Amino acid sequence: MTLHLRGVLLPEGEQRDLWVVNGRIRTTPVPNAETVFDGGFLLPGLVDAHCHVGLGASGAVSIDEAARQAEADRDAGALLLRDCGSPIDTRPLQERSDLPRIVRAGRHLSRPKRYIRELGLELDDPALLPDAVAEQAANSDGWVKIVGDWIDRSVGDLAPLWPDDVLVTAIDAAHRAGARVTAHVFGENALPGLINAGIDCIEHGTGLTDDTIAEMARRGTALVPTLINTDNFPDIADGADRYPTYAKHMRSLYARSKETVAAAVEAGVPVYAGTDAGGGITHGRIVDEIAALAAAGLGAERALGAASWAARQWLGWSGVNDGAPADLIGYRADPRSDLDALRTPSRIVLRGVVLA
Ligand SMILES: [Zn+2]
């Protein structure tokens with residue numbers, strides 16, 4: 001069936017007519033199209049650039065539960081997910097045309113006792129990282145996720161997991177395989193080694209300083225702050241009585257987390273929206289993250305881009321142009337003037353099919 005949609009297309013802000021044929025957008029009229037949206041605002045489908053399909057509050061979930069997680073993300077408008085590491089193989093979900101597109105990063109790469117138990121692959125020897133990265137690159141959708149820092153209980157504080165020279169070799173191995181690399185990082189100390197090794201993205205990034213922000217801006221390294229998840233830092237600190245230095249560190253990272261994001265934006269670091277759904281965060285909260293980014297200093301329009309057109313381009317998915325995959329979302333009210341408009345999508349088109 002041929003579809004027709006009419007509305008103010010963001011980010012350009014002009015009234016546009018779009019047609020959808022065989023899952024693709026057409027910008028010139030197609031006869032006998034059924035109008036499925038007329039009057040309102042059209043956006044390229046939203047993006048959750050950091051979530052975990054297949055991960056629940058108590059670890060790995062069944063593939064059926066993972067599908068329900070993806071449905072929750074989709075119903076919130078997120079039609080493209082970058083899965084930042086999953087304990088289960090979610091490839092079967094990529095065969096379901098009603099679920100969001102999923103860009104998989106494979107398994108988290110960590111070390112024993114240096115991440116959430118049984119979530120990632122734990123490498124006994126850090127020197128094994130380059131081979132492990134190459135293996136994940138071969139089995140993912142162009143991204144590899146490594147755990148950059150975590151509490152080191154022998155130190156009682158956050159500490160890097162990998163030596164700098166190993167990171168250089170590992171990230172180089174990913175790049176040679178055509179994959180990008182991202183890392184979970186809370187603290188300050190792991191950041192220079194990762195950024196200088198040419199990592200493509202930093203997750204959370206609460207420990208960014210003026211120096212590491214400047215280097216990310218210079219290199220174009222992306223940042224996905226996951227603000228609705230870093231809001232849990234005070235709870236993490238409260239639960240870490242035995243490690244007072246770590247608890248204090250987490251509280252101080254949290255206290256400046258919004259300013260850190262604002263400084264990164266100000267410096268020109270590309271920032272994208274990710275909820276970190278899958279552990280402590282439930283799926284389907286992309287709008288909360290957009291609102292948090294807007295409040296942290298992006299403003300509404302840039303926060304929208306960070307969860308839509310800009311994020312799609314960054315992940316290699318085109319926006320709204322002739323021949324592009326037809327992943328569109330329509331709202332009655334203008335989300336630029338009130339982000340709450342995003343909470344009630346009035347039309348969702350995914351792969352050229354009307355879902356809602
Ligand atoms: Zn995560």
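The structure this text deals with has already been given above.
Residues numbered from 1 in each chain as written. Predicted model: local features only at pLDDT ≥ 70, side-chain atom pairs only at ≥ 80, totals over all residues. Heavy atoms only, no water.

Caption draft 1: Molecular detail of the overall build of the protein. Assigned secondary structure in the protein consists of 11 helices and 20 strands. For the protein, the C-alpha radius of gyration of 20 Å lies close to 21 Å, the compact-globule estimate for 356 residues. Seen through its principal axes, the protein has C-alpha atoms that stretch 70 × 35 × 35 Å. Excluding contacts between residues fewer than 6 apart, the proportion of contacts in the protein whose partners are at least 24 apart in sequence is 66%. Averaged over its 35 positive side-chain charges, the protein has a centre that lies 2 Å from the centre of its 49 negative ones. (Helix = DSSP H or I, 4+ residues; strand = E, 2+ residues; numbered from the N terminus. Rg over C-alpha atoms; globule rule 2.2 N^0.38 Å. Contact = heavy atoms within 4.5 Å. Lys, Arg positive; Asp, Glu negative; His and termini not counted. Charge placed at Lys NZ, Arg CZ, Asp CG, Glu CD.)

Caption draft 2: View of the coordination of the zinc ion. Taken together, the protein ligands of the zinc ion are His50 (NE2), His52 (NE2) and Asp276 (OD), with distances of 2.0 Å. All donor residues of the zinc ion come from one chain, and their arrangement in sequence is H-x1-H-x223-D. Taken together, the positions of His50 in strand E5 (residues 46-51) and Asp276 in the loop between helix H9 (257-267) and helix H10 (286-306) put the pair 226 residues apart, joining distant regions of the chain. Residue classification places His50 among the buried positions, given a relative accessible area of 0%. (Donors = N, O, S within 2.8 Å, 3.2 Å for Na, K, Ca; no water. Buried < 20%, exposed > 50% of the residue type's maximum accessible area, 1.4 Å probe, protein only.)

Caption draft 3: Region of the structure containing H10. Taking 1.5 Å as the rise per residue, H10 with 21 residues should run 30 Å; its terminal C-alpha atoms sit only 11 Å apart, a clear shortfall. Largest kink in H10: about 130 degrees, centred on Gly297. Burial in H10 covers these residues: Ile286, Val287, Glu289, Ile290, Leu293, Ala294, Ala296, Leu298, Ala303, Leu304, Gly305 and Ala306. Against the buried residues of H10 lie strand E4 (34-44), E5, strand E8 (78-83), helix H6 (227-230), H9 and helix H11 (309-314). (Expected span 1.5 Å × (residues − 1). Bend = angle between axes of the 7 residues up to and from the residue.)

Caption draft 4: Structural context of the pattern of salt bridges. Counting across every chain of the model gives 25 salt bridges. Across the salt bridge formed by Arg104 and Asp141, the nearest N and O atoms sit 3.1 Å from each other. In this pair, Arg104 is assigned in strand E9 (residues 101-104) and Asp141 in the loop between helix H2 (129-139) and strand E12 (143-147), connecting sequence segments 37 residues apart. Residue Asp141 is classed as partly exposed on the basis of its relative accessible area, which comes to 31%. We note a salt bridge from Arg285 to Asp288, for which the minimum N-O separation is 2.8 Å. Under the relative-accessibility criterion, Asp288 is labelled partly exposed at 22%. Within the structure, one salt-bridge network assembled from shared partners comprises Glu71, Arg74, Asp75, Arg96 and Asp98. (Salt bridge = Lys/Arg side-chain N within 4 Å of Asp/Glu carboxyl O.)

Caption draft 5: Broad picture of the environment of Met250. Looking at the secondary structure, you find Met250 in helix H8 (residues 244-255). If we ignore the near neighbours within four places in the chain, the residues touching Met250 are Leu158, Phe186, Phe233, Ile236 and Ala237.

Caption draft 6: Main features of the sheet that holds E9. In spatial order, the strands read E5-E8-E9; together these 3 strands make up an open sheet with parallel pairing. One side of each edge strand has no neighbouring strand; the edge strands of this open sheet are E5 and E9. The mean angle between the axes of side-by-side strands here comes to 15 degrees, regardless of whether they run parallel or antiparallel. By the bridge criterion, 4 bridges tie E8 to E9 in an arrangement that is parallel. Across the sheet, the residue bridging to Arg82 is Val103, located in E9. (Pairing = 2+ DSSP bridges. Axes fitted to C-alpha atoms, helices over the stretch in contact; angles between N-to-C directions.)

Caption draft 7: A look at the packing of aromatic side chains. Following the criterion strictly, the structure yields 5 aromatic pairs and no others. Measuring from ring centre to ring centre gives 4.6 Å for Phe186 and Phe233, while their planes differ by 65 degrees; the resulting arrangement is edge-to-face. One end of the pair, Phe186, is in the loop between strand E15 (180-185) and helix H4 (191-196); the other, Phe233, is in helix H7 (residues 233-238), with 47 residues separating them in the sequence. Each member of the pair, Phe186 together with Phe233, is buried. Ring centres of Tyr272 and Trp314 lie 4.2 Å apart, and the angle between their planes is 10 degrees; this geometry places the pair in the stacked category. Placement of Tyr272 in the loop between H9 and H10 and of Trp314 in helix H11 is noted, with a sequence separation of 42 residues between them. (Phe/Tyr/Trp six-rings, centres within 6.5 Å; stacked < 30°, edge-to-face > 60°.)

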